[in-house]
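Next come the chains, spelled out residue by residue.
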Amino acid sequence: MEFSPFQMPVYSSNSGLIILFLLSFCCINHLIGFSEGQLRVGFYSPTCPRAESIVRSVVREATLSNPRTPALLLRLQFHDCMVEGCDGSILIDNGDKGERLATGNQGLGGFDVIEKAKANLERACRGVVSCSDIVALAARDAVFLSNGPFYQVPTGRRDGRVSDISRAANLPDVDDSIQLLKSKFRQKGLSNKDLVLLSAAHTIGTTACFFIKTRLYNFTRGGGADPAISPGFLPKLKAKCPFRGDINVRLPLDPVTEDTFDVQILKNIRDGLAVIGSDARLYDDGSTKEVVDSYIGSRGSSAFGQDFAEAMVKMGNIGVKTASQGEIRRICSAVN
């Protein structure tokens, strides 16, 4: 399987079109928060030209041995960026004080894949590639290996030196209301459209019964289930996660096409087949419901991959450290 970037539009040499393109490019750079002086595509070309291919090879190998790997890596970037910014702080292993042990980070994985990629990169070009960039590149490769789009990842991040469990207290939660979810994303510079697209990462991967017990057995005052769950789907969820059952049992976030990156997750949300509450909540609000519906159908489905990639790049620019900020860790689990 070969990586192939999106086809970019071809512009004529007409000066008016060129000026329009340049103005548009400047606006896009402003919106997603990177510039030539910060992150850029191909940042490692002169200093570690094989950097991206080394990460890609490690991710591909890990996926072959464990099909859950792509979902783990995709989730890892989200949870990194939504706390201290995209600075690799989630990777730091500092015992019971670190982000890793925050309630919202339960079930995170893929750390071994990032460490292996880092070790391979250190052998090829010591002290050059940051752990935070490895996380971003690995997430992109994970999407592609799941039949999703390949997109260019601006790089040049440096690694943070702080990992504090208290700073992860405001992560988006599966039981948040739609208004709270919108607020948490807005605080990070992400729109309602970004909320829907990044939630659609649940097109691959699994969750644990622990994360859906409230919506199954304690959503209403009388102990009832979330009414957003389809009546035909509710007994299936309860069979997987009985009231006093094992909360660690895992089930697919997308029960229809669980290992394939596609728009099915949004169809599930529309049809009452969302597994976790935060996905279902996207249909509670007019603005997010409109975004969900816009991708259902042949025209919307074709735009989904491109828009998801743009949302990932935008998220990947949250709170980045560049230039003299941060450091390049020698190993990803500890600061230098």
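Quick caveat, the model's predicted, so the values are computed rather than measured. (Residues numbered from 1 in each chain as written. Predicted model: local features only at pLDDT ≥ 70, side-chain atom pairs only at ≥ 80, totals over all residues. Heavy atoms only, no water.)

**Looking at the packing of helix α3 (residues 69–81) against helix α13 (residues 298–315)**
How we decide: With axes taken as lines fitted to C-alpha atoms, and helix axes fitted only over the stretch in contact, angles between N-to-C directions fall between 0 and 180 degrees. Here a helix means four or more residues in a row that DSSP labels H or I, a strand means two or more in a row labelled E, and each is numbered from the N terminus. Oblique is the label for any angle not under 35 degrees, not over 145, and not in the 65 to 115 range, which are roughly parallel, roughly antiparallel and roughly perpendicular in turn. Every residue pair with non-hydrogen atoms within 4.5 Å of one another is taken to be in contact. Each residue is assigned to one class: nonpolar for Ala, Val, Leu, Ile, Met, Phe, Trp, Tyr, Cys and Pro, charged for Asp, Glu, Lys and Arg, and polar for all the others, Gly among them.
It is at 10 Å that the axes of α3 and α13 come closest, and there the two elements cross at 40°. Relative to α13, the element α3 lies oblique. Touching Leu-74, Gln-77, Phe-78 and Cys-81 of α3 are Phe-308, Met-312 and Met-315, all from α13. Looking at the contact of α3 with α13 residue by residue, the class counts come to 6 nonpolar, 1 polar and no charged.

**Side note on the packing of aromatic side chains**
Condition: Two aromatic rings from Phe, Tyr or Trp, using only the six-membered ring of Trp, form a pair when their centres are within 6.5 Å; if the ring planes differ by under 30 degrees the pair is stacked, by over 60 it is edge-to-face, and anything between is tilted. Only lysine NZ and arginine CZ atoms are considered, and such an atom sits over a ring when it is within 6 Å of the ring centre and within 35 degrees of the ring normal.
By the definition in use, this model includes 9 aromatic pairs. Residues Phe-43 and Tyr-44 carry aromatic rings whose centres are separated by 5.1 Å and whose planes lie at 90° to one another, so their mutual orientation is edge-to-face. In this structure an aromatic cluster arises from ring pairing among Phe-261, Tyr-295, Phe-304 and Phe-308. Looking at Arg-100, its charged tip hangs above the ring of Phe-111, at a distance of 3.8 Å from the centre.

**Thoughts on the pattern of salt bridges**
Just so we agree on the cut-off: In what follows, salt bridge is the name for a side-chain nitrogen of Lys or Arg lying within 4 Å of a carboxyl oxygen of Asp or Glu.
Applying the stated criterion across every chain, the model contains 17 salt bridges. In this structure, Asp-285 engages Lys-182 in a salt bridge whose closest nitrogen and oxygen atoms are separated by 3.2 Å. Taken together, the residues Asp-285 in the loop between α11 (277–280) and α12 (286–294) and Lys-182 in helix α6 (residues 178–187) connect sequence positions 103 residues apart.

**Brief notes about the environment of Arg-167**
Assignment of secondary structure puts Arg-167 in the loop between α5 (131–145) and α6. Spatially, the C-alpha atoms of Arg-167 and Glu-99 are 7.5 Å apart, while their sequence positions differ by 68 residues. Not counting the four nearest positions on each side in its chain, Arg-167 is found in contact with Val-83, Glu-84 and Val-162.

**Things to note about unusual backbone geometry**
Defined as follows: Accessibility here uses a 1.4 Å probe with only protein chains present; expressed as a share of the type maximum, an area under 20% marks a residue as buried, one over 50% as exposed, and anything in between as partly exposed.
Phi at Asn-147 is positive, roughly 80°, even though this residue is not glycine. As for its position among the elements, Asn-147 is in the loop between α5 and α6. Residue classification places Asn-147 among the exposed residues on the basis of a relative accessible area of 60%.

**A few points about the environment of Ala-225**
Summarising the element assignment, Ala-225 is placed in the loop between α8 (213–217) and α9 (234–240). A relative accessible area of 18% places Ala-225 in the buried class. Separated by 11 residues in the primary sequence, Ala-225 and Thr-214 place their C-alpha atoms 7.9 Å from one another. Setting aside residues no more than four positions away along its own chain, Ala-225 makes contact with Arg-215, Leu-216, Phe-219, Thr-220 and Leu-234.

**Looking at α6**
Condition: In this context, the arc is that of the directions from the helix axis out to the C-beta atoms.
When α6 is considered as a whole, its buried residues turn out to be Ile-178, Leu-181, Lys-182, Lys-184 and Phe-185. Buried residues along α6 cover an arc of 165° about the axis, so they all sit on one side. Residues Arg-186 and Gln-187 are exposed on α6 and point more than 90 degrees away from its buried face. Against the buried residues of α6 lie α3, α7 (192–199), α11 and α12. Among the residues trailing α6, Gly-189 stands out with phi positive, at a value near 80°.

**Section: the side chain of Ser-130**
Where we set the bar: Contacts described as polar in this section are N or O atom pairs within 3.5 Å, which, within protein, must combine one atom able to donate a hydrogen with one able to accept it, while residues neighboring in sequence count only if both atoms come from side chains.
Note on placement: Ser-130 falls in the loop between α4 (111–124) and α5. Ser-130 gets classed as buried once you look at its relative accessible area, which sits at 0%. A polar contact is formed between the side chain of Ser-130 and the backbone nitrogen of Asp-133, at a distance of 3.1 Å. Ignoring any residue separated from it by four or fewer positions in sequence, one finds Ser-130 in contact with Tyr-44, Arg-157, Arg-158, Asp-159 and Ile-328.

**Here's the deal with α5**
Going by this rule: To estimate the expected span of a helix, count its residues, drop one, and scale the result by 1.5 Å.
In a regular helix each residue adds 1.5 Å, so 15 residues correspond to 21 Å; α5 covers 21 Å between its end C-alpha atoms and thus fits that length. Directly after α5, the chain includes Asn-147, whose backbone phi takes a positive value near 80°.

**Points about the nonpolar core**
How we decide: Throughout this description, the term nonpolar core refers to a set of buried Ala, Val, Leu, Ile, Met, Phe, Trp, Tyr and Cys residues connected via side-chain atoms within 4.5 Å.
Core analysis: the largest hydrophobic core is formed by 76 residues, its most contacted members being Leu-91, Ile-114 and Leu-266. Not counting residues up to four positions away in its chain, the partners in contact with Leu-266 are Val-196, Ala-200, Val-292, Tyr-295, Ile-296 and Phe-304. Ranked by size, the runner-up nonpolar core spans 17 residues in total, among them Phe-211, Cys-241, Leu-253 and Val-275.

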